[in-house]
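Residue-level structure breakdown
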Amino acid sequence: MSLLECRQVSKIFGALTALDHADLSVKPNEFHGLIGPNGSGKSTLLKCIAGAEIPTSGSVLLSGVDITGLTPAERAEAGLSLKFQITAVLAELSVYDNVLLAQQSQSSWLSLMRSRSRGALHERVMDTLQRFKLADRADDIAGTLSHGQQQWLEIAMALAREPKLLLLDEPTAGMSPQERRATGELLAPMRERCSLLIVEHDLDFIRDICDSLTVLDQGQIVASGRTQDVQEDERVKSAYLSHA
Amino acid sequence: MSEPSTKLHRAIPAIEIVLLAIALFLPLVLDDFWILFTTRVFILGLIALSFDLVWGYAGIMSFGQALFFGMAGYSTALIATKLGVTSVFLIVPVAALVGLVVSFAMALLVIFGKRQPSMVFVALGTLTGSYVVERLARGWSYVGGQNGISSLPRLTAGSYEISEGPVYYYMALGILLTVYVLLRLLTRSQFGLVLAGIRQREERIKFFGYRTQNYKGITFCIAGLISGMAGGLYGFHEGYIGPGQLGPVLSTQIVLYTLFGGAGTLIGSIIGVGLIDLFSFYLSQIWNTGWPIILGLLLLIVVMFKPTGLIGFLVGDRERAGSFGRIGAKSAAHVKGEV
Ligand SMILES: Nc1ncnc2c1ncn2[C@@H]1O[C@H](COP(=O)(O)OP(=O)(O)O)[C@@H](O)[C@H]1O
Ligand SMILES: [Mg+2]
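In this text the structure is predicted, and so the values were computed from the model without any measurement.

1. Quick word on the domain arrangement of chain A
Residues and elements named next belong to chain A. Along its sequence, chain A is organised into domain 1 (4-88 + 166-243) and domain 2 (90-144). If you average the C-alpha positions of domain 1 and of domain 2, the two centres end up 28 Å apart. Contacts between the two partners involve 5 residues from domain 1 and, on the opposite side, 4 residues from domain 2. Its largest share of buried area at the contact with domain 2, domain 1 owes to Ala88, Leu186 and Met190, together 75% of the area lost on that side. Applying the counting criterion to the domain 1 and domain 2 interface returns 0 salt bridges. Remark: the boundary between domain 1 and domain 2 carries 0 residue pairs in polar contact (both at pLDDT 80 or more). A breakdown of the residues in the side of domain 1 that touches domain 2 according to their chemical character gives 4 nonpolar, no polar and 1 charged.

Shown next, in the form of structure tokens:
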């Protein structure tokens, strides 16, 4: 059974059809790439899945349960997590506190008032920071991180609740080639724990980490399947390469 | 923004300690008038703290703090005058409870819910509530109409009467200090971290699984409870409670206290109350008809040119934003990790 299933999802903004009856499915532990020219609806699809936008029609299912009408918080509880295209770390807080905020979200408000999980989460926060090469920046405020480091911080925060499905919208935008490679290495071990749906312009990056690939063009799914197969597809070559 | 340094300076604790020391010894040098004056500052300080909690920490623009204050003031005045209840051990909890209940009802209207209300909606909703209740009180003879309820009896502790003066002063200071310490702990707790997240990027942290509306509603109710407590203390201190203590004028004054002193620091609100009330007093002596104009201009200048309030001259952005993790332990652990 699929972990994520989008059925005939459409999103209309005024006169613009950003998504046109899009179907998409992601299996457990699958890394799935989503590509397409600018404005083709990739971010909109991710937002519809995460709950930042409500589809005009169609439905979104997670583990077979319809989540189309749930709030973002309820979706997070159901196992969804995302990093938006625009980085949104809490710029005035320390790097450490950003991660703590993401990791403590399962505690009740009463236990948060008494700071009951602060001590227990410390090791986890530091482990996460080590893994994402941010440990030596723990005490610095997040706004002072480089763009690439902010992207890592966001991924670290998105993974805090151990989601079943991680949605990443252009996580390597603005990164140097070395940072890109490091990002791929950070994501690879996640395969055992969760599925990934990733929007990315760098086709080499997609080829390296994704099992399957979906191509969007003007709100419509042009092709979807195993990464190698989709890449060979003539329609994809013309649609994607002509616009990109 | 003006401060690129990421070092965590600690100006706030120093200011807190100095002010506390002054407050403890002030009655030794003040005459009766100024003891009453300062006691009033403490009581209004409580309500300014409550506004700082909602605005400075949770980002809720509430013009309703006077409503909770006044409703609690009226309720306790009524049980004192009609039922003869004057024990401080009943009056203060009842005042707090009234503040809590009224603010909860208000929160149900303007904060809780699936859809996120806009800041303007919350501001206008609380302002309207404050306005409507003031009008009702003015027209309702049972609660004294325009005149309010005067000649309240004194608060008692057992057979002891708590008269205005040094005893009331230290009682108000004790309550203010207790509330202050609890709020300091709350705003620096993991709950406070969630509030910091809400203040900076509410939309984002919903995706971590936080039901941000609930956090805001809970914070709003805690603030309502504090406002209520202040209302009870105020009525018995002045011997009077009236419609003016319920309405938009006092609500707005509270907003100014906090903005003038500096929101999001707690201590800034107390400083705001003290300084504005002092200015008002002296200005009204100098120019007894036109003084609000000067006060208004002064407030405008501070709010426009120093959005962080007066305390912004001493406290940097980093200290205001705060630190929530295990301070010290962090650095130790990462040094260990580096080796
Ligand atoms: N909130 C919105 N209101 C109106 N139009 C929008 C909105 N969000 C996206 N769009 C439009 O929808 C289309 C798809 O946008 P998006 O999903 O961001 O594309 P992509 O991420 O593939 O570049 C674009 O034409 C964009 O301008
Ligand atoms: Mg996009």
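2. Let's talk about the side chain of threonine 126 of chain B
All names here are of chain B. Mapped onto the fold, threonine 126 is located in helix 5 (residues 119-139). Of the polar contacts made by the side chain of threonine 126, one reaches the backbone oxygen of alanine 123; its length is 3.0 Å. Contact partners of threonine 126, with chain neighbours within four places excluded, come to Met61, Ser62, Phe63, Gly64, Met106, Val110 and Phe220.

3. Considerations on the sheet that holds strand 7 (residues 165-169) of chain A
All names here are of chain A. Across the sheet, 6 strands lie side by side as 6-7-8-3-9-10; this open sheet has mixed pairing. Pairing within the sheet leaves two strands with one partner each, and these edge strands are strand 6 (80-83) and strand 10 (220-226). Within this sheet the neighbouring strands show an average axis-to-axis angle of 15 degrees, counted without direction. Lying on the sheet, helix 1 (residues 42-50) is in contact with strand 3 (31-35), strand 6, strand 7, strand 8 (195-199) and strand 9 (212-217); it crosses strand 7 at an angle near 150 degrees.

4. Observations regarding the packing of aromatic side chains
Aromatic ring pairs are reported here in terms of the distance separating the ring centres and the angle at which the planes meet. Tallied over the entire structure, the rule returns 18 aromatic pairs over all chains. Consider the rings of phenylalanine 37 of chain B and phenylalanine 281 of chain B, whose centres lie 6.0 Å apart with planes at 65 degrees: the pair is edge-to-face. Placement of phenylalanine 37 of chain B in helix 2 (residues 32-57) and of phenylalanine 281 of chain B in helix 10 (residues 267-286) is noted, with a sequence separation of 244 residues between them. Judged by centre distance (6.4 Å) and plane angle (80 degrees), the ring pair of phenylalanine 260 of chain B and phenylalanine 279 of chain B falls under edge-to-face. Linking phenylalanine 260 of chain B in helix 9 (residues 248-261) with phenylalanine 279 of chain B in helix 10, this pair joins segments that are 19 residues apart in sequence. Phenylalanine 260 of chain B sits in the buried class, given a relative accessible area of 2%. Note on phenylalanine 279 of chain B: relative accessible area 33%, which makes it partly exposed. Through pairs of rings, three or more aromatic residues link up here, namely Phe33, Trp34, Phe37, Phe281 and Tyr282 of chain B. Directly above the aromatic system of phenylalanine 31 of chain A lies the positively charged group of arginine 191 of chain A, at a separation of 4.3 Å from the ring centroid. Directly above the aromatic system of tyrosine 142 of chain B lies the positively charged group of lysine 82 of chain B, at a separation of 4.3 Å from the ring centroid.

5. A look at the interface of chain B and chain A
Between chain B and chain A, the residue contacts involve 38 residues of the former and 52 residues of the latter. Ranking the residues of chain B by area buried against chain A places Gln190, Phe207 and Phe208 of chain B at the top, with a combined share of 20%. Joining chain B to chain A, the criterion identifies 2 salt bridges. Of the charged contacts, one joins arginine 211 of chain B and glutamate 77 of chain A as a salt bridge, the two residues approaching to 2.4 Å between their closest N and O atoms. Looking at the side of chain B that touches chain A, the element that brings in the most residues is helix 7 (residues 190-205) of chain B, giving 10 residues.

6. A closer look at the site of ligand 1
Residues and elements named next belong to chain A. Neighbouring ligand 1 are the residues Phe13, Leu16, Ala18, Pro37, Asn38, Gly39, Ser40, Gly41, Lys42, Ser43, Thr44 and Glu53. Within the backbone of glycine 39, an N or O atom sits 2.8 Å from an oxygen atom of ligand 1. At a separation of 2.5 Å, an oxygen atom of ligand 1 approaches a polar side-chain atom of threonine 44. In isolation ligand 1 offers 560 Å² of accessible surface; the protein chains occlude 62% of this area. In terms of residue count, the dominant contributor to the shell around ligand 1 is helix 1 (3 residues). Each residue belonging to the shell around ligand 1 can be placed in one class, and the counts come to 4 nonpolar, 6 polar and 2 charged.

7. Notes on the pairing of strand 4 (residues 57-62) of chain A
Moving residue by residue along a regular strand, the side chains alternate between the two faces of the sheet. All names here are of chain A. Here 5 bridges tie strand 1 (residues 4-13) to strand 4, and the two strands are oriented antiparallel to one another. The residue of strand 4 that forms the bridge with cysteine 6 is valine 60. Of the pairings in the sheet, the one linking strand 4 to strand 5 (residues 65-66) comprises 2 bridges and is antiparallel in character. The partner of leucine 62 across the bridge, within strand 5, is valine 65. Here strand 4 folds back onto strand 5 in antiparallel fashion, the turn holding 2 residues, of which serine 63 has a positive phi close to 50 degrees.

8. A look at the coordination of the magnesium ion (ligand 2)
The protein atoms that coordinate the magnesium ion (ligand 2) are Ser43 of chain A (OG) and Gln85 of chain A (OE1), at distances spanning 2.0 to 2.1 Å. Of this pair, serine 43 of chain A sits in helix 1 while glutamine 85 of chain A sits in the loop between strand 6 and helix 3 (95-103), placing them 42 residues apart in sequence.

9. Remarks on helix 1 (residues 12-29) of chain B
All names here are of chain B. Look at helix 1: 26 Å from first C-alpha to last across 18 residues, which is about the 26 Å you get at 1.5 Å a residue. Remark: the principal bend of helix 1, roughly 30 degrees, maps to alanine 23, with a proline, proline 27, within the next four residues. Restricting attention to buried positions, one finds in helix 1 the residues Ile12, Ile15, Glu16, Ala23 and Pro27. As for helix 1, its buried residues are in contact with helix 2, helix 6 (166-187), helix 10 and helix 12 (317-321).

10. Remarks on a nonpolar patch on the surface
All names here are of chain B. On the surface, Leu278, Tyr282, Ile286, Trp287, Ile293, Ile294, Leu297, Leu300, Ile301, Met304 and Phe305 cluster together into a nonpolar patch covering about 1200 Å² of accessible area. At the level of secondary structure, the elements contributing two or more residues to the nonpolar patch comprise helix 10 and helix 11 (291-305). Sorting elements by how many residues they give to the nonpolar patch places helix 11 first, with 7 residues. Under the relative-accessibility criterion, tyrosine 282 is labelled partly exposed at 45%.

Conventions adopted
- Residues numbered from 1 in each chain as written.
- Chains lettered and ligands numbered in written order.
- Predicted model: local features only at pLDDT ≥ 70, side-chain atom pairs only at ≥ 80, totals over all residues.
- Heavy atoms only, no water.
- Domains from an automatic or database assignment.
- Contact = heavy atoms within 4.5 Å.
- Buried area = accessible area lost by both parts, 1.4 Å probe.
- Salt bridge = Lys/Arg side-chain N within 4 Å of Asp/Glu carboxyl O.
- Polar contact = N/O pair within 3.5 Å; in protein donor to acceptor, adjacent residues only side chain to side chain.
- Nonpolar A, V, L, I, M, F, W, Y, C, P; charged D, E, K, R; others polar.
- Helix = DSSP H or I, 4+ residues; strand = E, 2+ residues; numbered from the N terminus.
- Pairing = 2+ DSSP bridges.
- Axes fitted to C-alpha atoms, helices over the stretch in contact; angles between N-to-C directions.
- Phe/Tyr/Trp six-rings, centres within 6.5 Å; stacked < 30°, edge-to-face > 60°.
- Buried < 20%, exposed > 50% of the residue type's maximum accessible area, 1.4 Å probe, protein only.
- Lys NZ or Arg CZ within 6 Å of the ring centre and 35° of its normal.
- Near = heavy atom within 4 Å.
- Areas by Shrake-Rupley, 256 points an atom, 1.4 Å probe, with all protein chains shown as cover.
- Donors = N, O, S within 2.8 Å, 3.2 Å for Na, K, Ca; no water.
- Expected span 1.5 Å × (residues − 1).
- Bend = angle between axes of the 7 residues up to and from the residue.
- Patch = residues over 30% accessible without salt bridge, like charges linked within 9 Å, V, L, I, M, F, W, Y side chains within 5 Å.

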